[in-house]
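# Close look at the chain arrangement
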Amino acid sequence: MISLNFKELMKKVEECSTAYIEGVVSKVIGLTIEVEGIKAFVGEVCKIYNEKNVAVECEVVGFRENNIILMPLGELIGIAPGCKVVPTGKPLTVKCSEELFGRVLDGLGKPLDDKVLGEGNYYKLDSDPPDPLKRRRIKNVMSTGVRAIDGFLTCGEGQRIGIFAGSGVGKSTTLGMIAREAQADVNVIALIGERGREVLDFIEKDLGEEGMKKSIIVCATSDRPALVRLKGAFTATAIAEYFRDQGKKVILMMDSVTRFAMAQREIGLAIGEPPATKGYTPSVFAMLPRLMERSGMSDRGSITAFYTVLVDGDDFNEPIADAVRGILDGHIVLSRDLAAKNHYPAIDTLKSISRLMSEIADDDHKQAASAARDLLATYNDSEDLINLGAYVRGSNKKIDIALHYHDYIINYLRQGINEKSNFEESRNKLVQMFS
Ligand SMILES: Nc1ncnc2c1ncn2[C@@H]1O[C@H](COP(=O)(O)OP(=O)(O)OP(=O)(O)O)[C@@H](O)[C@H]1O
Ligand SMILES: [Mg+2]
């Protein structure tokens, strides 16, 4: 016989957390939905049942008086005042497993092919960056297969780098080259806010079959709701974290972080945040480090990350570019002038920097890279004179040397899209140039 202690039972009842389990839609304003009658936390997923009783997933993004504000993760079709809202008590997660290799996922991590995913580990989209004291130091070089980067802007395994460029200067092509040639176990590639046409283009042209085999693509194109575009970046980061926890060497690529910032701006403005610099709301600048601090080294594996930044009107000091440069460990600048001269990849080595190169490259390599930069800078300073024919050989020793080496350096920096290379080769070639 079970004996019940009434007092204890009452205590348990009092301790129980109570929550309303069903609310109703009261208002829809622009992108937001106000709901009465439920309690939920920011980031919690709720389901709205539309008039045909089909569930539309939404996320809690804020509160207004006693109501919660939701944003849809799908299409807002058939939502009307009075529709039933049920909180799930859970934040968004993504199912991770080896089965993801070679697959294309939507912004919330669901495969876009028809095959369902089997067993997997659920990773939260929003999680904390690794403990700063437990992060291993960056010591090993990450070979990217792009000569200009390996030679002049050597990247370390676990480094986070920004690729800054105006539109159509070669960001996606450069990412594709790195994805194919870099020595990583897995590439997680987030295509955020791209035009729909570009996704297949990137997969077939830039990545190719070879690159796709060890890649996982998360894509949230520009037509998807702002919240899905934002989540796409977090989904890719969570998948990269899963593989890092398995001890893998992961490369995470995000094209582009500007569109991620724009999605957060859209959300911020919709829930009533004040616009600040260039219409970007304060939460955008809070969100950027929260996203980008999650990559890098952990105590188990590494995420080497490349974030592209689309600089509007080639203004490299616009607010997002500025904020991203401050967070990352290096930036690669692609120049329209170089692209116009058919100099590809259009990496402006003098304006780019890898903050870790001095720690991970050997002395001979550093000396050679520094000498080549000096020569390029000297040449650029006198380029107008040289082109005009106004410079007479022999009048300045430094310019003479720069002229002598210029073609060698430019040939070194230029690389065809399908031309293979690796770090050792690039380092040796650069050192030999000056020996
Ligand atoms: N390494 C390269 N070698 C030869 N051509 C290149 C190279 N990189 C880029 N290009 C040329 O530049 C064009 C644009 O490149 P890409 O699509 O990579 O630019 P993007 O910066 O990603 O553009 P968007 O801003 O539209 O996303 C390509 O179609 C190609 O013709
Ligand atoms: Mg592109």
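Right above here is the structure, for reference.
Let me sum up the structure you'll find in this document. (Residues numbered from 1 in each chain as written. Chains lettered and ligands numbered in written order. Predicted model: local features only at pLDDT ≥ 70, side-chain atom pairs only at ≥ 80, totals over all residues. Heavy atoms only, no water.)

## A word on the site of ligand 1
In the neighbourhood of ligand 1, 13 residues make up the surrounding shell, with Gly168, Lys171, Ser172, Thr173 and Arg195 lying closest. In the environment of ligand 1, an oxygen atom lies 3.3 Å from a nitrogen or oxygen atom belonging to the backbone of Val169. Between an oxygen atom of ligand 1 and a side-chain N or O atom of Thr173, the distance comes to 2.5 Å. Contact with the protein chains removes 71% of the 640 Å² of surface that ligand 1 exposes when unbound. It is helix 3 (residues 171–181) that provides the largest number of residues to the shell around ligand 1, a total of three residues. When the residues that make up the shell around ligand 1 are grouped by side-chain class, the tally is five nonpolar, five polar and three charged. (Near = heavy atom within 4 Å. Polar contact = N/O pair within 3.5 Å; in protein donor to acceptor, adjacent residues only side chain to side chain. Areas by Shrake-Rupley, 256 points an atom, 1.4 Å probe, with all protein chains shown as cover. Helix = DSSP H or I, 4+ residues; strand = E, 2+ residues; numbered from the N terminus. Nonpolar A, V, L, I, M, F, W, Y, C, P; charged D, E, K, R; others polar.)

## Focus: the packing of aromatic side chains
This model, assessed by the stated rule, comprises eight aromatic pairs. Taking the centre distance of 5.4 Å and the plane angle of 65 degrees together, the rings of Phe101 and Phe243 count as edge-to-face. Of this pair, Phe101 sits in the loop between strand 7 (93–96) and strand 8 (104–106) while Phe243 sits in helix 5 (residues 226–245), placing them 142 residues apart in sequence. Looking at Phe101, the relative accessible area reads 24%, which means it is partly exposed. Joined through ring pairs, the aromatic side chains of Phe101, Tyr123, Tyr242 and Phe243 make up one cluster. The ring of Tyr412 is capped by Arg147, whose NZ or CZ atom sits 5.8 Å from the centre of that ring. (Phe/Tyr/Trp six-rings, centres within 6.5 Å; stacked < 30°, edge-to-face > 60°. Buried < 20%, exposed > 50% of the residue type's maximum accessible area, 1.4 Å probe, protein only. Lys NZ or Arg CZ within 6 Å of the ring centre and 35° of its normal.)

## Concerning the packing of helix 3 against helix 4 (residues 196–213)
One can describe the packing of helix 3 onto helix 4 by two numbers: an axis separation of 9 Å at closest approach and a directional angle of 5 degrees. Considered as vectors, helix 3 and helix 4 are oriented roughly parallel to each other. Two secondary-structure elements touch here, helix 3 through Ser172, Thr173, Leu175, Gly176, Ala179, Arg180 and Glu181 and helix 4 through Phe202, Asp206, Leu207, Glu210 and Gly211. Of the residues contributing to the contact of helix 3 with helix 4, the split by class is four nonpolar, four polar and four charged. (Axes fitted to C-alpha atoms, helices over the stretch in contact; angles between N-to-C directions. Parallel < 35°, antiparallel > 145°, perpendicular 65-115°, else oblique. Contact = heavy atoms within 4.5 Å.)

## Remarks on the side chain of Ser352
Of note, Ser352 is situated in the loop between helix 9 (336–340) and strand 17 (353–354). Reaching out from Ser352, the side chain makes a polar contact with the backbone oxygen of Asp348 at a distance of 2.6 Å. Apart from residues lying up to four places away in sequence, Ser352 is in contact with Leu153, His331, Ile332, Val333, Ile347 and Arg373.

## Examining the side chain of Thr235
Mapped onto the secondary structure, Thr235 falls in helix 5. Among all residues touching Thr235, those that are not within four sequence positions of it are Val94, Gly107, Leu108, Gly109, Leu125 and Val218.

## A word on the pattern of salt bridges
Enumeration according to the criterion identifies 21 salt bridges in this entry. Note that Lys351 is salt-bridged to Asp348, the shortest N-O span being 3.7 Å. For Asp348, a relative accessible area of 15% corresponds to the buried category. In this structure, the salt-bridge partner of Arg427 is Asp362, at a minimum N-O distance of 2.8 Å. A residue pair is termed long-range when its members are at least 10 positions apart, and Arg427 in helix 13 (residues 423–433) and Asp362 in the loop between helix 10 (357–360) and helix 11 (363–388) qualify at 65 residues. A residue is classified by how much of its surface remains accessible, and Arg427, at 15% relative accessible area, is buried. Owing to a relative accessible area of 32%, Asp362 belongs among the partly exposed residues under this scheme. Connected via shared salt-bridge partners are Arg135, Arg160, Glu293 and Asp329. (Salt bridge = Lys/Arg side-chain N within 4 Å of Asp/Glu carboxyl O.)

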